[in-house]
Amino acid sequence: MPLPSFTGSFTQQPPIPDAGIEAAVAVMRSGRLHRYNMAPGEDSEAMALERAYASWQGARYCLAVASGGQAMQIALRAAGVAPGDAVLTNAFTLAPVPGAVAAVGGQPVFVEITGDLVIDFDDLLRKAEGSGARVLLLSHMRGHLCDMDRLTRLAADLRLTVIEDCAHTMGALWNGRRSGNFGLAGCFSTQTYKHMNSGEGGLLTSDDADFMARATILSGSYMLYARHGAGPDPRMFDQIRLETPNTSARMDNVRAAMLLPQLAALDTSIAAWNERHDLIAASLARCPAIVLPNRPAAERYVGSSLQFRVPDFDESQARELLARLAAVGVELKWFGAAQPVGFTSTHKSWRYARAQGLPRTDSILSTLFDMRLPLTFSLDDCALIGEHIVAEVSALAPRHAA
Ligand SMILES: *Cc1c(COP(=O)(O)O)cnc(C)c1O
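Residues numbered from 1 in each chain as written. Predicted model: local features only at pLDDT ≥ 70, side-chain atom pairs only at ≥ 80, totals over all residues. Heavy atoms only, no water.

Participant: Would you mind showing me how to read the site of the ligand here?
Facilitator: The ligand sits among 16 residues. The nearest are G68, D165, H168, S189 and K194. Within the backbone of G69, one N or O atom sits 2.8 Å away from an oxygen atom of the ligand. Contacts to the ligand include Q191, whose side-chain N or O atom sits 2.9 Å from an oxygen atom. Relative to its free-state accessible area of 380 Å², the ligand is covered by the protein chains to the extent of 93%. The leading source of residues in the shell around the ligand is helix α3 (residues 68-78), at three residues. (Near = heavy atom within 4 Å. Polar contact = N/O pair within 3.5 Å; in protein donor to acceptor, adjacent residues only side chain to side chain. Areas by Shrake-Rupley, 256 points an atom, 1.4 Å probe, with all protein chains shown as cover. Helix = DSSP H or I, 4+ residues; strand = E, 2+ residues; numbered from the N terminus.)

Take a look at the structure:
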């Protein structure tokens, strides 16, 4: 009997929890949507979110901003990146990452990745020495953490400042330490497809008071930097407030209000993602043609998406797999396409950056498939998705067929 088609949506997120809706509505009823618009004696929702996220993350400071992309731009600038500076980043990432480098006038220098979808340390060493870059914007793309202990040592040897893009690792740990706490700063997104959903939004965390004071002014705090929930001592701003431009990238109280209850439920969401991820991964692991990225024991990932490779596929087989799975309702993303599609693009289409040869990354991406796992999927949905993928890959790769 043929498998039934899958009818769920890969882009449908769960609703905002009732407590978040009620809190957001209360902000709207108050009229005080702007984060610095506070009644006497009141703390704003944005302040409360900064306090709660700093505590959850285990970071001294947290700044709520308008997007994950803004968190990265602000972080790069507050870290001292100036126009013309080279900035290292891993080549497998999403467009806002090189975009953030370009936004501050930096020159992205792409570093190769390994088959496990993490930064290649040998190439990092080469590119750091060759480019003179002082900053690495490390993107934990699709939630894959490199060996963060080794990375931290290597960065120290190379005198590289590390800024982590944690858009896909909010809640992930390496050897018990939260992703985002390994370098100067962690950048998080609360855009709809990430681990918390306020439509758009971002969080920036750090333990460095000077950095966070600059970031706060950059985010558009005017002289109201004391109205922050987890910011540096106001004395830190004496000089910085006069030297730092206001680039208007604040979060408003409506978004902060809808995020607070989601933060309280984040560990529950992570468990639900991992259950779904691990169920599909276990079924794909039974197909010899499929290679899953290795997940080291030190990594506690958040399985909000799943990636696999079929290294024996050529381009026409990859396209055929996408078409066959789409026909049964399973929408995969493929990083091997010559033209960017939807949210997916590669270094070849980031033409504002200097063209760079990345043969290893290109070869890995040419057979890399990716899917989101929204929490609207049931475990039965995930089992069906896994069966469809194994059936179609096996049909297209007959010499592996069991
Ligand atoms: C979504 C995303 C970002 C940026 O987040 P926005 O809030 O959409 O600006 C950064 N890095 C990665 C890897 C992302 O997926």
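Participant: Got a minute to help me understand the sheet that holds strand β11 (residues 305-309) in this structure?
Facilitator: Pairing is antiparallel in the open sheet, where three strands are placed in the order β11-β13-β12. Each edge of the open sheet is held by one strand with a lone partner, namely β11 and β12 (333-334). One ladder, built from five bridges, connects β11 with strand β13 (residues 368-372); its direction is antiparallel. Within the sheet, the bridge partner assigned to L306 lies in β13 and is M371. The sheet contacts of helix α10 (residues 266-285) involve β11 and β13, and relative to β11 the element is tilted by about 15°. (Pairing = 2+ DSSP bridges. Contact = heavy atoms within 4.5 Å. Axes fitted to C-alpha atoms, helices over the stretch in contact; angles between N-to-C directions.)

Participant: I'm lost on the sheet that holds strand β5 (residues 161-165) in this one. Help?
Facilitator: Across a sheet, paired strands are connected by hydrogen bonds in the backbone, their directions being either parallel or antiparallel. An order of β1-β9-β8-β5-β4-β2-β3 is seen for the seven strands of this open sheet, with the pairing classed as mixed. Only two strands of the sheet have a single partner each, and these edge strands are β1 (61-65) and β3 (107-111). Strand after strand, the sheet turns through a mean of 20° between neighbouring axes, direction not considered. By the bridge criterion, five bridges tie strand β8 (residues 185-189) to strand β9 (residues 202-206) in an arrangement that is antiparallel. Across the sheet, F188 pairs through a bridge with L203, a residue of β9. Where α3 meets the sheet, it contacts β1, β2 (86-90), β4 (135-139), β5, β8 and β9, and its direction lies at approximately 160° from that of β8. Contacts from helix α4 (residues 96-103) reach β2, β3, β4 and β5, with the element oriented near 145° to β3.

Participant: How should the nonpolar core be read in this particular structure?
Facilitator: In summary, soluble globular proteins display a tendency toward joint burial of nonpolar side chains. Within the largest apolar cluster, 46 residues are counted, with the highest numbers of intra-cluster contacts made by Y53, L88, L124, L136, L151 and L203. Counting contributing residues per domain, this core is built from domain 1 (18-264) and domain 2 (266-401), each supplying no fewer than three. Setting aside residues no more than four positions away along its own chain, L124 makes contact with L88, V111, I119, L136, L151, L154 and L160. V310, A318, F377 and L396 belong to the second largest nonpolar core, which has 30 residues in total. (Core = buried A, V, L, I, M, F, W, Y, C linked by side-chain atoms within 4.5 Å. Buried < 20%, exposed > 50% of the residue type's maximum accessible area, 1.4 Å probe, protein only. Domains from an automatic or database assignment.)

Participant: Would you mind showing me how to read the environment of R77 here?
Facilitator: Looking at where R77 falls in the secondary structure, it is placed in helix α3. Under the relative-accessibility criterion, R77 is labelled partly exposed at 40%. Once the C-alpha coordinates of R77 and A100 are considered, the two residues, 23 residues apart in sequence, prove to be 9.7 Å apart. For R77, the contacting residues outside a window of four places in its chain are V104, L218, P245 and T247.

Participant: Is there a simple way to think about the packing of helix α5 (residues 121-131) against helix α6 (residues 148-158) in this case?
Facilitator: When two helices pack together, you describe them by how their axes are tilted relative to each other and by the distance separating the axes. Interhelical geometry of α5 versus α6 gives an angle of 15° and a closest axis separation of 11 Å. As the angle between them shows, α5 and α6 are arranged roughly parallel. Crossing hand, α5 versus α6: right-handed. Residue-level inspection shows F121, L124, L125, A128 and E129 of α5 in contact with α6, the latter providing R150, L151, L154 and L158. Taken together, the residues that form the contact of α5 with α6 break down as seven nonpolar, no polar and two charged. (Parallel < 35°, antiparallel > 145°, perpendicular 65-115°, else oblique. Left-handed = near helix turned anticlockwise from the far one by under 90°. Nonpolar A, V, L, I, M, F, W, Y, C, P; charged D, E, K, R; others polar.)

Participant: Please explain the side chain of N181 as it appears in this structure.
Facilitator: Along the chain, the position of N181 falls in the loop between β7 (177-178) and β8. Judged by its relative accessible area of 18%, N181 falls in the buried class. Beyond its immediate stretch of four places on either side in the chain, N181 contacts Q57, G58, A59 and E164.

Participant: Just checking my understanding: could you explain the pairing of β9 for this structure?
Facilitator: The buried count for β9 comes to five of five residues, which makes it a mostly enclosed element. Covered by surrounding structure in β9 are G202, L204 and S206 together with L203 and T205, the residues of both alternating faces. In the sheet, β1 pairs with β9 via five bridges, with the strands oriented antiparallel. Paired with L63 across the two strands is L204, which belongs to β9.

Participant: What should I look at first to understand the domain arrangement of the protein in this one?
Facilitator: How big an interface is tends to be expressed through the accessible area that disappears when the partners come together. Partitioning the protein into structural domains gives domain 1 (18-264) and domain 2 (266-401). The centre of domain 1, based on its C-alpha atoms, is set 27 Å off from the matching centre of domain 2. Taken together, the 39 residues of domain 1 in the interface contact 36 residues of domain 2. Both sides together, the interface formed by domain 1 and domain 2 hides about 3300 Å², and carbon and sulfur atoms give 58% of it. Taken together, the links from domain 1 to domain 2 amount to two salt bridges. Ionic pairing is found between R142 and D370, a salt bridge with its closest N-O pair at 2.9 Å. Across the contact surface, domain 1 and domain 2 share 19 residue pairs in polar contact (both at pLDDT 80 or more). Looking at the side of domain 1 that touches domain 2, the elements that each hand over two or more residues are α4, β3, β6 (173-174) and α9 (253-264). Per element, the largest residue contribution to the side of domain 1 that touches domain 2 is four residues, and it comes from β3. Among the residues forming the side of domain 1 that touches domain 2, the class breakdown is 23 nonpolar, 10 polar and six charged. (Buried area = accessible area lost by both parts, 1.4 Å probe. Salt bridge = Lys/Arg side-chain N within 4 Å of Asp/Glu carboxyl O.)

Participant: Where do I start with the pattern of salt bridges in this structure?
Facilitator: One pass over the full model with this rule turns up 16 salt bridges. Taking the shortest distance from any N to any O, the salt bridge between R32 and E42 comes out at 3.0 Å. Placement of the pair is R32 in the loop between α1 (18-30) and α2 (45-57) and E42 in the loop between α1 and α2, with a sequence separation of 10 residues. Beyond isolated ion pairs, a larger network of salt bridges with shared partners links D123, R126 and K127.

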